[in-house]
Amino acid sequence: MALDTQKIIDDLKDASILELNDLVKAIEEEFDVTAAAPVAAGAAAGGEAAAEKDSFDVELTEAGQEKVKVIKEVRGITGLGLKDSKDLVDGAPKVIKEGVAKADADDMKSKLEAVGATVTLK
């Protein structure tokens, strides 16, 4: 059976973050593998890479009192739909963006904190 690679890629592009997360979990269980990055690779980079970090993960630590406003900001930042944004906010702590430049990460953090959320940059 031949795989239609382009169709698979198109389906992945249209999938939500939650659907992709479920897919990764299903693949891990089915093939007894893990999608986690090896720890040794991070240690091999050395202390210099840690000091000069150029990309950050923006984690929503807590939604706060104004959950609706936080959901709206998450939608604007991620481009997710309303349901996916709400699920992400309800599931806090969750990473909402990965590999973001320092300036963009600070901007996202300030927007979310302005509506009452608690955000951590990792």
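- The name that an unreviewed UniProt entry assigns to the protein is Large ribosomal subunit protein bL12, with the source organism given as Companilactobacillus allii.
- Its UniProt record, at the heading Sequence similarities (unreviewed entry), says of the protein: "Belongs to the bacterial ribosomal protein bL12 family."
- Under the heading Function (unreviewed entry), UniProt records this for the protein: "Forms part of the ribosomal stalk which helps the ribosome interact with GTP-bound translation factors. Is thus essential for accurate translation."

Structural notes on the sheet that holds strand β3 (residues 118–121)
Here is step 1: Here three strands make up an open sheet; going across it, the order is β2-β1-β3 and the pairing antiparallel. Each edge of the sheet is formed by a strand with only one pairing partner; in this case those strands are β2 (94–101) and β3. On average, each strand axis in the sheet is inclined to that of its neighbour by 25°, with strand direction left out of account.
Here is step 2: Note that strand β1 (residues 55–62) and β2 share five bridges and pair antiparallel. Of the residues in β2, the one forming a bridge with Phe 56 is Val 100.

A few points about the nonpolar core
Here is step 1: Val 58, Val 70, Val 89 and Leu 112 are the most contacted members of the largest nonpolar core, which has 19 residues in total.
Here is step 2: Only β1, α5 (67–78), α6 (82–90), β2 and α7 (102–114) provide two or more residues apiece to this core.
Here is step 3: Examining the composition of this core, we find that four residues originate from one element, α5, more than from any other.
Here is step 4: Residues within four places of Leu 112 in sequence aside, it is in contact with Val 70, Glu 73, Val 74, Ile 77, Ile 96, Ala 117 and Val 119.

Criteria and thresholds
- Residues numbered from 1 in each chain as written.
- Predicted model: local features only at pLDDT ≥ 70, side-chain atom pairs only at ≥ 80, totals over all residues.
- Heavy atoms only, no water.
- UniProt positions renumbered as here; feature names shortened; annotations may be inferred.
- Pairing = 2+ DSSP bridges.
- Helix = DSSP H or I, 4+ residues; strand = E, 2+ residues; numbered from the N terminus.
- Axes fitted to C-alpha atoms, helices over the stretch in contact; angles between N-to-C directions.
- Core = buried A, V, L, I, M, F, W, Y, C linked by side-chain atoms within 4.5 Å.
- Buried < 20%, exposed > 50% of the residue type's maximum accessible area, 1.4 Å probe, protein only.
- Contact = heavy atoms within 4.5 Å.

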